[in-house]
Amino acid sequence: MINPVGTLNTALIMNENKKSSESIKPHEAKEITDKIAQIRELIKKDAYRVDLQKTSEKMASNLLNLS
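Residues numbered from 1 in each chain as written. Predicted model: local features only at pLDDT ≥ 70, side-chain atom pairs only at ≥ 80, totals over all residues. Heavy atoms only, no water.

### A closer look at the overall build of the protein chain
Link 1 in the chain: Tallying secondary structure elements over the protein chain gives 3 helices and 0 strands in all.
Link 2 in the chain: Starting at the N terminus, the α and β elements of the protein chain follow one another as α-α-α.
Link 3 in the chain: Within the protein chain, the fraction of its 67 residues that count as buried is 1%.
Link 4 in the chain: In the form shown here, the protein chain has an accessible surface area of approximately 6,600 Å², with 60% of it arising from carbon and sulfur atoms. (Helix = DSSP H or I, 4+ residues; strand = E, 2+ residues; numbered from the N terminus. Buried < 20%, exposed > 50% of the residue type's maximum accessible area, 1.4 Å probe, protein only. Areas by Shrake-Rupley, 256 points an atom, 1.4 Å probe, with all protein chains shown as cover.)

### Quick look at unusual backbone geometry
Link 1 in the chain: Located in the positive-phi region is D46, a residue other than glycine, with phi close to 55°.
Link 2 in the chain: Note that D46 resides in the loop between α2 (26-44) and α3 (52-63).
Link 3 in the chain: Even without being a glycine, N65 presents a positive backbone phi close to 55°.
Link 4 in the chain: Residue position: N65 is located in the segment after α3.

### Some details on α2
Link 1 in the chain: Taking 1.5 Å per residue, 19 residues should reach 27 Å; α2 reaches 28 Å between its end C-alpha atoms and fits that length.
Link 2 in the chain: A positive phi of about 55° marks D46, the residue just after α2. (Expected span 1.5 Å × (residues − 1).)

### Comments concerning the confidence of the model for the protein chain
Link 1 in the chain: For the protein chain, mean pLDDT is 81; residues scoring 70 or higher make up 66% of the total.
Link 2 in the chain: When mean pLDDT is compared element by element in the protein chain, α3 scores highest at 94, while helix α1 (residues 10-22) scores lowest at 62. (pLDDT = per-residue confidence, 0-100.)

### Some details on the pattern of salt bridges
Link 1 in the chain: Taken as a whole and assessed by the stated rule, the structure comprises 2 salt bridges.
Link 2 in the chain: Taking the shortest distance from any N to any O, the salt bridge between D34 and K30 comes out at 3.1 Å. Separated by 4 residues within a single helix, D34 and K30 lie in helix α2, roughly one turn from each other.
Link 3 in the chain: Looking at D34, the relative accessible area reads 41%, which means it is partly exposed.
Link 4 in the chain: On the basis of relative accessibility, which here comes to 54%, the residue K30 falls in the exposed class.
Link 5 in the chain: Here E41 and K44 are joined by a salt bridge, their closest N and O atoms 3.7 Å apart. One end of the pair is E41 and the other is K44, both in helix α2 and 3 residues apart, which spans about a single turn.
Link 6 in the chain: By relative accessible area, E41 is classed as partly exposed at 38%. (Salt bridge = Lys/Arg side-chain N within 4 Å of Asp/Glu carboxyl O.)

Laid out in structure tokens, this is it:
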């Protein structure tokens, strides 16, 4: 089911986050933390840009259960 724009399905998000975090190895966690910090800094500087092509391909792949 599709939720209205601006709303979240928190149960789904929590389930996906749990699945993702269970498969993360300790050395990958540091890389992820560093990447998050880097993105936060870019957002603060208003320099973060979304790659629309890459994002749309990933979304389509997920919707079609190809990934």
